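Residue-level structural notes
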Amino acid sequence: MTAYCGSGADPEVTAGCGSGTGSETGTGSDRAAHCGSGTRKITVYLFFSESDSQLSVCGKPSLNTRIVGGEAAPPGSWPWQVSLHTSTHFCGGSLINNQWVLTAAHCVLGSPTGITAYLGRQSQEGSNSHEVSRTVSLITIHPEYNYGTSWNNDIALLKLSEPVNFTSYISPVCLAALNSTFYSGVESWITGWGNIGSGGV
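Presented here is a report on the structure given in the accompanying data block. (Residues numbered from 1 in each chain as written. Predicted model: local features only at pLDDT ≥ 70, side-chain atom pairs only at ≥ 80, totals over all residues. Heavy atoms only, no water.)

1. A few points about unusual backbone geometry
Of note, Asn 153 is a non-glycine position whose phi angle comes to about 60°, a positive value. Among the residues examined, Asn 153 registers a relative accessible area of 30% and is labelled partly exposed. Unlike most non-glycine residues, Asn 179 shows phi in positive territory, near 70°. Following the sequence through the fold, Asn 179 ends up in the segment after strand 11 (156-160). Given the relative accessible area of 70%, Asn 179 is considered exposed. (Buried < 20%, exposed > 50% of the residue type's maximum accessible area, 1.4 Å probe, protein only. Helix = DSSP H or I, 4+ residues; strand = E, 2+ residues; numbered from the N terminus.)

Right, here's the structure in full:
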């Protein structure tokens, strides 16, 4: 699945068969290809006016002081961080535009029913004055993700029930450019509410 950002009103999903034969059904995010060989190729294009990953709004947390080492980050440090809940937090995600969240496929294998996304959340305990929430209306999982066999293609897109407004506490992460290479040894930031060490520490 490849996501591209541009301008427009709604996502467009293009689907085609590797053999060049088959049929397509549906429109928008519900479009699918039915191939005689059983193969399926899907490319997802996200067209939203605020979604261009190269715009000045993405990847610039205005309140970030970059606290590391497992310490609590101040509010607004990671404004694209999303907390996914059913009855409690179960996975994180990244806001990539005003209505779509990128997350791991293994987190969202079922129906979107009952999943709520919290944006602008600082803590899983107590109140979060800058927080907004949206339910999830659509889950799109990478077509080549195979649960339990490998971690390859462990990626999914979640469509929020309504767009969110960008603030100092809610803004999108920048998407990597097409054909980007991430080399071994490059330092990266990991954010969220998970464990900060091995063995459940």
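2. Thoughts on the sheet that holds strand 8 (residues 100-103)
The strand order 6-7-8-11-10-9 describes a closed barrel built from 6 strands, whose pairing is antiparallel. Pairs of neighbouring strands in the sheet enclose a mean axial angle of 40°, with direction left out of account. When strand 7 (residues 89-95) meets strand 8, the two strands line up antiparallel, connected through 2 bridges. Bridge pairing in strand 8 places Ser 94 opposite Leu 102. (Pairing = 2+ DSSP bridges. Axes fitted to C-alpha atoms, helices over the stretch in contact; angles between N-to-C directions.)

3. So, the packing of aromatic side chains
Scanning the entire structure with this criterion turns up 2 aromatic pairs. On the basis of an interplanar angle of 50° and a centroid distance of 5.4 Å, the ring pair of Trp 78 and Trp 189 is categorised as tilted. Linking Trp 78 in the loop between strand 5 (41-47) and strand 6 (81-85) with Trp 189 in the segment after strand 11, this pair joins segments that are 111 residues apart in sequence. Residue classification places Trp 78 among the buried positions, given a relative accessible area of 15%. Members of the aromatic cluster, connected to one another through ring pairs, are Trp 78, Trp 80 and Trp 189. The cationic tip of Arg 121 hangs over the ring face of Tyr 118; the distance from NZ or CZ to the ring centre is 4.2 Å. (Phe/Tyr/Trp six-rings, centres within 6.5 Å; stacked < 30°, edge-to-face > 60°. Lys NZ or Arg CZ within 6 Å of the ring centre and 35° of its normal.)

4. Some remarks on the state of the cysteines
For the coordinates displayed, the defined rule picks out 2 disulfides. Shown here is the disulfide that connects Cys 58 with Cys 174, its sulfur atoms set 2.0 Å apart. For the disulfide bridge between Cys 58 and Cys 174, the dihedral angle about the S-S bond is near 90°, and by the sign convention the bridge is right-handed. In this pair, Cys 58 sits in the loop between strand 5 and strand 6 while Cys 174 sits in the segment after strand 11, placing the two residues 116 residues apart along the sequence. The exposure class assigned to Cys 58 is buried, which follows from its relative accessible area of 4%. Since its relative accessible area comes to 36%, Cys 174 is described here as partly exposed. One disulfide in the model links Cys 91 with Cys 107; its S-S distance is 1.9 Å. (Disulfide = S-S within 2.5 Å.)

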